[in-house]
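Coordinates in review
This is what each chain is made of:
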Amino acid sequence: MENFLPGLAQVMDLGNVVAMFVGTLIGIIVGALPGLGSVVGLTICLPFTFSMDQMPALSVLMGVYCGSVYGGSISAILINTPGTPQSAATCFDGFPMAEQGHADKALGWATVASVAGGLFSCVVLILAAPQLAAIAVKFGPIETFALICMALTCIASVSADGLVKGLLGGIIGLFCATVGSDPVTGDIRFDFGIFALSSGLDLIAVVVGIFALAEVFSRIAECGRTGAPKVHDCGMRLPAWHEWRSRLGVLVKSCTIGAVVGIMPGTGAATASFISYAEAKRSSPRRAGMGKGEPDGIIASEAANNAVTGGALVPTLALGIPGDAITAVMMSTMIIHGITPGVRLMAENAVTVYACFIALIIINLMLLPQGIAVARLFARILKAPEPLLLSMVVVLCLLGTWGVRGNPFDLLVTLSFGVIGYFMRVFGFPAAPVVIGLVLGPQLEMSLRQGLILTDNDFMAFFDYPLAVGLFVVTLLILFLPLYRNLWARRTPASAPLG
Amino acid sequence: MLKPIITCIAGAATALVATQAMAEYPDHPVTMIVPFSAGGGTDSDARGFQSFFGETLGTTIVVKNVDGAAGTVGAAEASRAKPDGYTLGFLPIGPAVIQPNLRDLPYSVDSFVPVCQINANPVVLMTSKDSPINTIEDFKKTVAAAPDKYVYGSSGAGTIPHLAMAATAVSMDLKMKHLPHKGTADAMKSLVGGFIQFFADTPVVVSRFDMKPLAAFTDKRIDGLGSVPTMKEKGYDLQFSVWRGLFAPKGTPEEVLTKLESACKKATETQGFKDFSAKVNNDIVYMGRKTFTDFVAAEFAKNAKILEAAGMTKK
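Glancing now at the side chain of N65 of chain B. Here N65 of chain B is to be found in strand β2 (residues 61-65). Here the side chain of N65 of chain B touches R47 of chain B through a polar contact of 2.8 Å, side chain to side chain.

So this is what it looks like as structure tokens:
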């Protein structure tokens, strides 16, 4: 308590409230614009924070962080293009729902789920940061490998219509992830003698190409045939309590998955939302509708990715070990402002830590009104004439892609994947598995090879790690339960359960 | 989004100005290429330096982040730039002298003219606080007794934390496993979790993660770590530091280099940059053109030898 009040005073300072508000708003907008992800959002704001005081600087960055993770869902729902890779899983149900004319409701679900996820992770962060961090470090390469395997099962969950095509996509994604430097030896692989390829295929460049540009291309191709596209009349409609009641279980589970994955350093929000989606697809009573516009899918994805925010701050604040690329940027900002995250942070800067906690809660609460406002704004933009809208999307995509690494080669990557993505649509290949493979590929490879170094290249030794075995078992359950259910349903057709 | 725009404007300005007769240098903004993404250690260092260097040089400095392939993409871009002093590379040791030893790149150490060294941080061998190993002698004895049992971490293959440990293993004739990580913080997680036992990095890592320092890779004891012996004292001539400096593309005119050098010197002497460096725990170690050029050549040759001994030469 003796730290709480001074912390509150720091947060409630007028300048700081403005900082939180502006940061969150920038975050939501940046997140919603395809191509501009969380990291780009943070880097835009970074130079400005250098001249700010400590607390407002951190508030801006936390606002951008939380806002951008949420904002990605807006474009995922409205134009089938995740604004950030973290929201890729939101497309699966968000866009079908919007196509059915319920975009306002889909946005409502996404917003409430995001706020709930964010607040849940704040509570986790406040109550148990040091204890959880101590557990998180015991989570080594082998356990990480098992966790990533579990996340990969999401490929099966999102390719129900064509498992073979989905798996192929996943493999293509995993393969693309191996281009560039070898994480263990540093050797360059699959560069075909082209120097630019030695830096690998940038995730943002691929996501933007395969989702946003492919969407643009296919809309151009369809333009003549279908006439004017459906413009969804939307703002945002929050779901009613009776709709919520039966979905609380999914919400709580997704929040927990998000927070736990966030705490484990080295994974991130995209992994969390994939795992959470796969889990909901396995266990939700409404799983039959998932992929066709079922709110459970939106909840699973958005609650989990926002729950990562607080979770990822656990190891960052408690140990000085950033939970993902975004918290790494935040950590370096803290250091510039004279705060050293790590084991002594709580002892040396307790007031600042409490102020951060309070700011994080307020920022999550701010998501709700700001989300409603931004969703209205975007709905209006979407009513712009299609040629204008599409060219706007293309400009933003290319600008965003170039902004990530300043590497002109990435623009070529985006364009190529736009073309590839278009043909994948034409031939009925889902795009999401490629992205899942690409997001998880580097982590999968790194953890597998680190694990093999530790066990002297003995893969069977992985099964000596109880936590990893547990995760492998859950992975198998996720994979085989649907098969078993199908068999069961075939054997007893009279009492076939839905699903 | 803002940065590319600024860079575009700067680029357009460059194109406009270049057509006119060269006026006195510098008459428009200078681009400083940082070969890593915004928000990293090298980037925040460059941004701290940016405004002071701009003041002493008399123009605006634009930081351009070009990330990828361990900093070599950005370094390559800096080496390709027009040698007029309007594009410089803010390069750390890795892309400057280690990576060119590891593989074929579109640039080499000779593609640049070293302008000045800005800072240099020594490297310390460390282990976790609760480890039974307390001295470098303990270290040698324990590791020698169990070949291939102990694991040292690094922030990636061919990074200074890796080379320092690899060189230690060679000179003490020890066998250890090497577990590369995505960065220092990631490796620290493994150290706290007990997956690795040893790590070599700058002193700030020792204090931030509450580690036990065993020996310093320096010729003199480090201020603030006075009780930690140097490797040299213990009979091993192993010296490593993580440094950053300013490089111009080869062919930059002499009078421009002179101006850059003196502006760099003055910038490192400003109180503002000193305060900034203290905050981020960087030791300002200025070296002028001549000293730095010799130093870079020596570092290049030294790391070539270590990499060869560690079996990591160019293929």
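Moving on to the packing of helix α6 (residues 141-152) of chain A against helix α19 (residues 432-454) of chain A. Residue and element names in this part refer to chain A. Two numbers describe how α6 lies on α19: the axes approach to 8 Å, and their chain directions differ by 150°. As summarised for this structure, α6 and α19 are arranged roughly antiparallel, according to the angle between their axes. Between α6 and α19 the crossing geometry is left-handed. Residues P141, I142, T144, F145, I148, C149, A151 and L152 of α6 form the contact with α19, whose participating residues are I436, L440, Q443, L444, S447, L448, Q450, G451 and L454. By residue class, the composition of the contact of α6 with α19 is 12 nonpolar, 5 polar and no charged.

Residues and elements named next belong to chain B. Per the counting criterion, the structure on display carries 1 disulfide over all chains. Through a disulfide, C116 is tied to C264; the S-S separation comes to 2.1 Å. In this structure, the disulfide formed by C116 and C264 twists by about 90° around the S-S bond and is classed as right-handed. With C116 in strand β4 (residues 112-122) and C264 in helix α9 (residues 254-269), the pair connects residues that are 148 residues apart, well separated along the chain. Side by side, C116 and C264 carry an identical accessibility label, which is buried.

On to the domain arrangement of chain B. Residues and elements named next belong to chain B. Partitioning chain B into domains gives domain 1 (2-120 + 243-309) and domain 2 (124-216). Computed from C-alpha coordinates alone, the two centres of domain 1 and domain 2 are separated by 31 Å. Buried area between domain 1 and domain 2, both sides added, is near 590 Å², and the carbon and sulfur share of it is 79%. When the buried area of domain 1 at its contact with domain 2 is split by residue, I98, N281 and I306 rank highest and sum to 52% of it. Remark: the boundary between domain 1 and domain 2 carries 0 salt bridges.

Calculation rules
Residues numbered from 1 in each chain as written. Chains lettered and ligands numbered in written order. Predicted model: local features only at pLDDT ≥ 70, side-chain atom pairs only at ≥ 80, totals over all residues. Heavy atoms only, no water. Helix = DSSP H or I, 4+ residues; strand = E, 2+ residues; numbered from the N terminus. Polar contact = N/O pair within 3.5 Å; in protein donor to acceptor, adjacent residues only side chain to side chain. Axes fitted to C-alpha atoms, helices over the stretch in contact; angles between N-to-C directions. Parallel < 35°, antiparallel > 145°, perpendicular 65-115°, else oblique. Left-handed = near helix turned anticlockwise from the far one by under 90°. Contact = heavy atoms within 4.5 Å. Nonpolar A, V, L, I, M, F, W, Y, C, P; charged D, E, K, R; others polar. Disulfide = S-S within 2.5 Å. Buried < 20%, exposed > 50% of the residue type's maximum accessible area, 1.4 Å probe, protein only. Domains from an automatic or database assignment. Buried area = accessible area lost by both parts, 1.4 Å probe. Salt bridge = Lys/Arg side-chain N within 4 Å of Asp/Glu carboxyl O.

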